[in-house]
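Chain residues, written in single-letter form:
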Amino acid sequence: MLPEGVALPAEAATLAVTGLALDSRKVTPGCLFAALPGLRTDGREFIPDAEAAGAVAVLAPPGTQTNLPLIAADDPAAALAAIAARFHPGRPETIAAVTGTNGKSSTVEFLRQIWARVGFEAAALGTLGVTRASGRSEVGYTTPDAIALHEALDALAADGVTHLAMEASSHGLKQRRMDGVRVDVAAFTNLTQDHLDYHPDFDDYFASKMRLFEVLAADGAPAVINMDSDWGAKVADICRRRGLEVIEVGWRGKDFRIAEITPHPASQDIRLVHRGEERVVRLPLIGEFQTLNAVGAAAMAGASGVDAEDALGALETLEGVAGRLQPVGTTPAGAPVLLDFAHSPDGLDKLLRAARPHTQGRIVLVFGAGGDRDPSKREKMGAVAARLADHVIVTDDNPRSEDPAAIRAAILRGCPDAEEIGDRETAIRTAIGRLEPGDTLLVAGKGHETGQILADRVIPFDEPAIVRGALEEMEARA
């Protein structure tokens, strides 16, 4: 069923459409070409290319000029999602979606592991690609475009996947990429400053996130809310007004309440209260935010039909997510080196606070900020680093088209006592070489990424390999 505001001409009703395409370079004979207006490019400019490549119809706003039948839509992105859902109708039986600024990747991967632990054929989809027990494949976006998303859902279902956990990014929600997906379990992690290079203001950012609960969640679906977030209570109220079943988690959560966390060198004990009963879970990961993500995943598993005791028990077998407080190795003196994707003030704050209880000596931090992204967060990230780390090295992190030195200068306004080393590999090797017994090195910003974006080039940059190489050289000298 197409959404309101779509005009389907009579000549389009009998067309044999063999495929869908957003990119005119991917049009093949028989395709419907979606000419969507965008921030940087307007798909309508490429209609002649699509016509020449054999498209049989065009989806675009009313009044668009084309020699082909025009499917005119007031909201062509929403119409494309509805068409893609009909063109690729398969989907896993249970779909859970997580939104929030931080924690999405870890939460969906932890949920996938819990489902797999109890015997379901499960997958996770998001920033890290499509992950299954058999391995991982890249998709390129946190939330794929509507065509790629519904192709993926159809293919996963055909391959026997019954349970899918997916990230719901603000970009994907606002751009209607997830429209046409029925979400059986929804979750909210937190909301802090990010992506204000795309969203005009924070209200728009918040409203985009809320589409998961207000539009995409099935009627009466469970909504797992982290009540420790400053926005948790407001999100819970929105969910209740929609008629969703709110499940509260966190230190302030009444359904899955964290009562105490006891840190250990490579793990933590969580004293958790569920339905009035206490139990202690040994989580084989470090960091308070890992606890929040893991408990949120367990609550989502319970909401999807997994026995709560089985879901909580599965937390003791969780494996960490690539680039999320990922341990890569230790120096000969035992100082660990960890990589993390933190690239916002809140993400950096959570990362540094997570490492502190597990660190006897200094926390050494290497980080930068991305170019062509919200510039207002750079000085704030520097201030967080200055407050919570013992020694800071400011370096480059995907400067893109901007001057790397200018980005570093903005960060340094927040941490004027930090050391500046522009070359990222040199910065990492320098930090490793200075580690003392009891120290912890955190390398933040890239996480799972495998390249450094400079202008219009992507230079291979394997951060785990660089760290391991430096540690091996140190070991050889010891």
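The model shown is predicted, which means the values in this text are computed figures rather than measured ones.

Colleague: Kindly report on the nonpolar core, identifying the contributing residues and their values.
Modeller: With 39 residues, the main nonpolar core has Leu111, Ile114, Trp115, Phe256, Met300, Leu315 and Leu318 as its most contacted residues. Sorting elements by how many residues they give to this core places helix H9 (residues 288–303) first, with eight residues. With near-sequence residues (within four places) excluded, Phe256 lies in contact with Ile247, Glu248, Val249, Gly250, Leu272, Val273, His274, Val295, Ala299 and Leu312. Listed in part, the 38 residues of the second largest apolar core include Ile95, Leu216, Val235 and Ala236.

Colleague: Tell me what's going on with empty space enclosed by the protein, and back it up with residues and numbers.
Modeller: Per the counting criterion, the structure on display carries one cavity of 30 Å³ or more. In this structure, the largest cavity spans a volume of roughly 50 Å³. As for the largest cavity, its lining consists of Ser105, Val108, Glu109, Ala124, Leu125, Gly126, Leu128, Gly129, Thr131 and Glu167. Broken down by secondary-structure element, the contributors of at least two residues to the lining of the largest cavity are helix H4 (104–117), strand E7 (122–126) and strand E8 (129–132). Class assignment of the residues belonging to the lining of the largest cavity gives a composition of four nonpolar, four polar and two charged.

Colleague: Give me the lowdown on the pairing of strand E18 (residues 336–340), citing residues and values where you can.
Modeller: Within a regular beta strand, the side chains point alternately toward one face of the sheet and then the other, so they alternate between its two faces. Of all the five residues making up E18, four are buried; the element is thus mostly covered by neighbouring parts of the structure. Examined bridge by bridge, strand E17 (residues 326–330) and E18 share four bridges and lie antiparallel to one another. Bridging across to E18, Gln326 finds its partner in Leu339. Counted between consecutive antiparallel strands, the loop separating E17 from E18 contains five residues, among which Gly334 sits at a positive phi close to 95°. The sheet contact formed by E18 and strand E22 (residues 440–444) spans four bridges and is parallel. What sits directly across from Leu338, in E22, is Leu442.

Colleague: Give me the packing of helix H3 (residues 76–87) against helix H5 (residues 146–158): which residues, what numbers.
Modeller: Interaxial distance between H3 and H5 falls to 9 Å at its minimum, and their mutual angle equals 25°. Considered as vectors, H3 and H5 are oriented roughly parallel to each other. Where H3 crosses over H5, the handedness of that crossing is right-handed. Along the contact surface, H3 presents Leu80, Ala81, Ala84 and Ala85, while H5 presents Ala146, Ile147 and His150.

Colleague: How would you sum up the domain arrangement of the protein? Please name residues and give values.
Modeller: Each assigned domain of the protein is listed with its residue range as follows: domain 1 (10–87), domain 2 (94–317) and domain 3 (326–476). On a C-alpha basis, the centres of domain 2 and domain 3 stand 27 Å from each other. At the interface, 17 residues of domain 2 touch 19 residues of domain 3. Buried surface at the junction of domain 2 and domain 3, both sides included, amounts to about 1,400 Å², of which 59% is carbon and sulfur. There are two residue pairs in polar contact (both at pLDDT 80 or more) connecting domain 2 and domain 3. Elements with a contribution of two residues or more to the side of domain 2 that touches domain 3: strand E14 (256–264) and H9. Residue classes in the side of domain 2 that touches domain 3 are distributed as six nonpolar, eight polar and three charged.

Colleague: Talk me through the UniProt feature "binding site: ATP" (unreviewed entry) in the protein; I want residue IDs and the actual numbers.
Modeller: As annotated in UniProt, the feature "binding site: ATP" (unreviewed entry) corresponds to Gly100, Thr101, Asn102, Gly103, Lys104, Ser105 and Ser106 in the numbering used here. Residues from the annotated list that form part of the lining of the largest cavity: Ser105. The residue Ser105 is located in helix H4 in this model. Look at Ser105 and you get buried, because its relative accessible area is 6%.

Conventions used here
Residues numbered from 1 in each chain as written. Predicted model: local features only at pLDDT ≥ 70, side-chain atom pairs only at ≥ 80, totals over all residues. Heavy atoms only, no water. Core = buried A, V, L, I, M, F, W, Y, C linked by side-chain atoms within 4.5 Å. Buried < 20%, exposed > 50% of the residue type's maximum accessible area, 1.4 Å probe, protein only. Helix = DSSP H or I, 4+ residues; strand = E, 2+ residues; numbered from the N terminus. Contact = heavy atoms within 4.5 Å. 1 Å grid on protein atoms, 1.4 Å probe; cavity = no way out; pocket = protein on both sides within 12 Å on 5 of 7 lines; lining within 4 Å. Points joined across faces, edges and corners; volume = space filled by probe spheres on them. Nonpolar A, V, L, I, M, F, W, Y, C, P; charged D, E, K, R; others polar. Pairing = 2+ DSSP bridges. Axes fitted to C-alpha atoms, helices over the stretch in contact; angles between N-to-C directions. Parallel < 35°, antiparallel > 145°, perpendicular 65-115°, else oblique. Left-handed = near helix turned anticlockwise from the far one by under 90°. Domains from an automatic or database assignment. Buried area = accessible area lost by both parts, 1.4 Å probe. Polar contact = N/O pair within 3.5 Å; in protein donor to acceptor, adjacent residues only side chain to side chain. UniProt positions renumbered as here; feature names shortened; annotations may be inferred.

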